[in-house]
Amino acid sequence: MTYIPERNNRAAVVIISVLFAVAAGCFVATGFLTPKAVYQICLIVCLTLGIQLTQRYLLTSYEYMLNDENELAEHNDIVVIKKQGKKSTVLCNLSLNYAVLVSRDASVKELESKYGPIGVRFSFCPDLFPKKPYGLLIGFDGKKAWLKLQCDEKFAGEISRRIGLFKEEF
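Okay, so let's go over this structure. (Residues numbered from 1 in each chain as written. Predicted model: local features only at pLDDT ≥ 70, side-chain atom pairs only at ≥ 80, totals over all residues. Heavy atoms only, no water.)

Some remarks on the sheet that holds strand 8 (residues 143-149)
Part 1 of the argument: Strand order across the open sheet formed by four strands is 5-7-8-6, with mixed pairing between neighbours. The open sheet has two edge strands, strand 5 (99-103) and strand 6 (120-124), and neither has a second partner. Ignoring strand direction, the axes of neighbouring strands in this sheet form an average angle of 15 degrees.
Part 2 of the argument: Where strand 5 meets strand 7 (residues 134-140), four bridges bridge the pair, whose relative direction is antiparallel. Within the sheet, the bridge partner assigned to Ala99 lies in strand 7 and is Ile138. (Pairing = 2+ DSSP bridges. Helix = DSSP H or I, 4+ residues; strand = E, 2+ residues; numbered from the N terminus. Axes fitted to C-alpha atoms, helices over the stretch in contact; angles between N-to-C directions.)

Section: helix 2 (residues 36-58)
Part 1 of the argument: The end-to-end C-alpha distance of helix 2 is 31 Å, a good match for the 33 Å that 23 residues give at a rise of 1.5 Å each.
Part 2 of the argument: Residues of helix 2 that are buried include every one of Leu43, Cys46, Gly50, Thr54, Arg56 and Tyr57, and no others.
Part 3 of the argument: Looking at the packing, one finds that the buried side of helix 2 touches helix 1 (10-32), strand 2 (61-66) and strand 6. (Expected span 1.5 Å × (residues − 1). Buried < 20%, exposed > 50% of the residue type's maximum accessible area, 1.4 Å probe, protein only. Contact = heavy atoms within 4.5 Å.)

Structural notes on the state of the cysteines
Between two cysteines, a covalent bond joining their sulfur atoms is known as a disulfide.
Part 1 of the argument: Applying the stated rule across the entire model yields zero disulfides.
Part 2 of the argument: Between Cys26, a cysteine without a disulfide, and Cys42, which holds the nearest cysteine sulfur, the sulfur-to-sulfur distance is 3.1 Å. (Disulfide = S-S within 2.5 Å.)

In structure tokens, the structure reads:
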């Protein structure tokens, strides 16, 4: 089963546009105003943030994959693939046998009080401010990871169904 989240990056576009506008203003200001170093530092910071946000939220898409039903006994995995242009990179390939839960409502603080400290947190959402993303808590090697996914209820339900199939302790 494959899921490709829909993107809605209006907030990212606005923030990136503001960063590039401020960078342009700082570039012009370096010719007139002193101290130039302040405007040059502001220029570099705004350009760096603008480029990083553009690369992360405008030029990147994600694909979430679960193994086919006939492969579940061998591989009960979730795979997250990052796509940029023609390039695809597997970011995450984790067994759902070690998964604890998938939830839309649970906060990290609530989960830490119930399951212990969460060492690693990843956001695999294509939007800067996703609307109600799902979280997947996975434990392995004595550590816990919180993965934030921007998927629909059907895909999250399928993950939840597969969590208990071949349970292994972490």
